[in-house]
Amino acid sequence: MIRNFFQEPFECYNIADIESGIGLKRKQMVAMALLIGSDHDLHGVPGFGVETALRFVRLFDEDQILDKLHEIGKGIYPFLEGFDKAHVDDLPSPSTQSPSVARSPHCSHCGHPGSKKNHSKTGCNYCLVDSLEFCMEKPAGFVCECPSCEKARDLKAQRRHENWQIKVCKRLAAETNFPNEEIIKLYLSDDNLDRESADPKLEWTEPKVDDLVDLLTYMQNWEPSYVRQHMLPMLSTIYLRKMASSPCKSLLLCDQYEFHSIQRIKIKYGHSYYLVKWKRATGGIVSGGASHKPELDGESRAEVVVLDDDEEEEEATVNIESSDSLDEPDLPQVLRDDDQVFLLTDEDIQLVNAAFPNDAWRFQEAQRLKDAKSRSRKSKLSLAESMLETPKGPRPSGVQLSIKEFYRSKKAAGDEAGKKPVVEGETSSSRAGSRRSPPVDLTKRMPKSLRRRLLFD
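Keep in mind it's a predicted model, so treat the numbers as computed, not measured.

**Focus: the state of the cysteines**
No. 1: Enumeration according to the criterion identifies 0 disulfides in this entry.
No. 2: With no disulfide of its own, Cys144 has Cys146 as its nearest cysteine by sulfur position, at a separation of 3.3 Å.
No. 3: Judged by its relative accessible area of 7%, Cys144 is buried.

Structure (structure tokens):
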């Protein structure tokens, strides 16, 4: 059983962990639900909490717990041995029980067996002394460990436990319709289990969209368009599953949209998805009689995306990252392209491949051709840049410079190339008197207009 799966960490309960942890099996867990309450009976039995129910259920084995509850519900006390179907009303109440067994006298000074008078004459065998004056005084909270005291304590605990059993059985017998047989059948029903593998049979059924829209509109005061917008990703996943299992050309998403194509691959939260385009089918009708168009105004409307052809080709893969995937729902987008309106949803790649294998194959082939063209264009560009690169200049960084930055970089490279290298032993005065050589190597390979701009300060 999984609980609170809208927040992390999730709560997951497995029957094997319960058996190894608290020692309860399936029918014992059913008995716990009957005593403390469940979704089928919110109240349970008054006076039964988790600890009391757990203590009572552990008194019986897995095979006999429900039969014993039926006996107690009929007023039969199940714990007496040697009696045939003793009724709980005939059992003695705790106030009329026989008094506790009298134990042997104990010394008031040390607390050990034997009177104080005998200890003063012969000493205490437990204190290992010969007279009372050397006998140890018993501390606060002293408990004697002699056999008679242990027997008396065991008998007292047994009678206290029997009184508790009688009290619990009388409380259960006073309940009407206990145990509830309908609740037991609901828990032990094997109709939802596969007889061969004993695994649960889970079936995906279509949600009743109109009923859910009416419910949330009435209970949450949500707009119907807002509800349908948030339900569309779930409905598209159900639609793709149905198409993967049994393809049908007449089947439409929400009775009005048909699969058009795959827009691109989208990487979201570290996982790859297909961005699928849905086209409104001609004459599509919503299950309710009224036609439905995607609404584009207001805060709760879908986001409108307008892409050019060049931008669509370049953005084949889009990365989207977020701090928490549970904070942002996957809402559909609306794409306007050539006076047509499409819905865009994020879909699982394997599911789309199984539902529409031909369209997925065409998209993958187009992606491979596009990647090959991109690699070829990049290789030609890198080759051209390497041919234009000067022998002593730095390698291009791959970023196109503006015309001013290009001229400044070339001018700086020319100044560095025109500087005369410093000879060891040459003084600054000799360098100052020498004539600088012009950057002949660069200017020879440059056009006249570029030389004028480089020499212009």
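Moving on from the model shown.
**Examining the packing of aromatic side chains**
For any pair of aromatic rings, the description consists of the separation of the ring centres together with the inter-plane angle of the planes.
No. 1: A complete count under the given rule lists 10 aromatic pairs for this structure.
No. 2: Between the aromatic rings of Tyr239 and Trp278, the centroid separation amounts to 5.5 Å while the plane-to-plane angle is 70°, which identifies the pairing as edge-to-face. Highlighted residues: Tyr239 in helix α9 (residues 224–245) and Trp278 in strand β4 (residues 271–280), separated in sequence by 39 residues.
No. 3: Judged by relative accessible area, Tyr239 falls into the buried class, the value being 6%.
No. 4: For Trp278, a relative accessible area of 0% gives the class buried.
No. 5: Aromatic ring contacts, followed pair by pair, group Phe48, Phe56, Phe60, Tyr77, Phe79 and Trp164 into a single cluster.
No. 6: Lying over the aromatic face of Trp164, Arg55 brings its terminal NZ or CZ to 3.9 Å of the ring centre.

**A word on a nonpolar patch on the surface**
No. 1: On the surface, Ile2, Phe5, Phe6 and Phe10 cluster together to form a nonpolar patch covering roughly 500 Å² of accessible area.
No. 2: Turning to its location among the elements, Ile2 is positioned in strand β1 (residues 2–3).

**Notes on the packing of helix α2 (residues 26–36) against helix α3 (residues 50–57)**
No. 1: Their axes nearest at 10 Å, the elements α2 and α3 cross at an angle of 140°. Classed by the angle they form, the pair α2 and α3 counts as oblique. Two packed elements cross with a definite hand, and for α2 against α3 that hand is right-handed. Judged by residue contacts, Gln28, Ala31, Met32, Leu35 and Ile36 of α2 engage Val50, Ala53, Leu54, Phe56 and Val57 from α3.
No. 2: For the contact of α2 with α3, the residue count by class is 9 nonpolar, 1 polar and no charged.

**Digging into the confidence of the model for the protein**
No. 1: Put simply, the protein has an average pLDDT of 76, and 71% of its residues get 70 or more.
No. 2: Across residues 284–315 the pLDDT falls below 50, and counting only partners more than four positions away or on other chains, this stretch makes 57 contacts in the model.
No. 3: Long-range and interchain partners of residues 321–328, a stretch whose pLDDT sits below 50, account for 8 contacts in this model, where long-range means more than four residues apart.

**Quick look at the pattern of salt bridges**
Between side chains of opposite charge, a pair can form when the charged atoms approach closely.
No. 1: Under the definition given, this model contains 7 salt bridges.
No. 2: Of the charged contacts, one joins Lys268 and Asp346 as a salt bridge, the two residues approaching to 3.7 Å between their closest N and O atoms. Here the residue Lys268 occupies a position in strand β3 (residues 257–268), and Asp346 occupies one in strand β8 (residues 340–348), the gap between them amounting to 78 residues.
No. 3: Residue class for Lys268 comes out buried when judged on its relative accessible area of 9%.
No. 4: In this structure Asp346 comes out as partly exposed when scored by relative accessible area, which is 22%.
No. 5: By sharing partners, the salt bridges in this structure join Lys266, Lys268 and Asp346 into a single network.

**Things to note about the packing of α2 against helix α4 (residues 65–73)**
No. 1: In contact at an axis separation of 9 Å, α2 and α4 are set at 35° when each is read in the N-to-C sense. Of the residues in α4, those in contact with Lys27, Gln28, Val30, Ala31 and Leu34 of α2 are Ile65, Leu66 and Leu69.
No. 2: Of the residues in the contact of α2 with α4, the class split is 6 nonpolar, 1 polar and 1 charged.

**A closer look at the nonpolar core**
No. 1: Judged by nonpolar contacts, the single largest core of 29 residues is most densely connected at Leu35, Phe56, Leu69 and Leu172.
No. 2: For this core, the secondary-structure elements that each account for two or more residues are α2, α3, α4, α6 (147–173) and α7 (181–188).
No. 3: When neighbours within four sequence positions are excluded, Leu172 is seen to be in contact with Leu35, Val45, Phe48, Phe56, Ile72 and Phe178.
No. 4: By size, the runner-up hydrophobic cluster in this structure holds 24 residues, among which are Val227, Met243, Ala355 and Phe363.

**A closer look at α6**
No. 1: Across its 27 residues, α6 extends 39 Å between first and last C-alpha, which sits within 8% of the 39 Å expected from 1.5 Å per residue.
No. 2: Among all positions of α6, only Cys149, Asn163, Trp164, Gln165, Ile166, Val168, Cys169 and Leu172 are buried.
No. 3: Those residues of α6 that are buried lie in contact with α2, α3 and α4.

**A closer look at unusual backbone geometry**
No. 1: Each neighbour pair has its own omega, and for Phe178 with Pro179 the value is -5°, a cis peptide bond.
No. 2: Within the secondary structure, Pro179 sits in the loop between α6 and α7.
No. 3: At Asn221, a residue that is not glycine, the phi angle is positive and equals roughly 60°.
No. 4: Mapping Asn221 onto the fold places it in the loop between α8 (209–219) and α9.

Conventions used here
Residues numbered from 1 in each chain as written. Predicted model: local features only at pLDDT ≥ 70, side-chain atom pairs only at ≥ 80, totals over all residues. Heavy atoms only, no water. Disulfide = S-S within 2.5 Å. Buried < 20%, exposed > 50% of the residue type's maximum accessible area, 1.4 Å probe, protein only. Phe/Tyr/Trp six-rings, centres within 6.5 Å; stacked < 30°, edge-to-face > 60°. Helix = DSSP H or I, 4+ residues; strand = E, 2+ residues; numbered from the N terminus. Lys NZ or Arg CZ within 6 Å of the ring centre and 35° of its normal. Patch = residues over 30% accessible without salt bridge, like charges linked within 9 Å, V, L, I, M, F, W, Y side chains within 5 Å. Areas by Shrake-Rupley, 256 points an atom, 1.4 Å probe, with all protein chains shown as cover. Salt bridge = Lys/Arg side-chain N within 4 Å of Asp/Glu carboxyl O. Axes fitted to C-alpha atoms, helices over the stretch in contact; angles between N-to-C directions. Parallel < 35°, antiparallel > 145°, perpendicular 65-115°, else oblique. Left-handed = near helix turned anticlockwise from the far one by under 90°. Contact = heavy atoms within 4.5 Å. Nonpolar A, V, L, I, M, F, W, Y, C, P; charged D, E, K, R; others polar. pLDDT = per-residue confidence, 0-100. Core = buried A, V, L, I, M, F, W, Y, C linked by side-chain atoms within 4.5 Å. Expected span 1.5 Å × (residues − 1).

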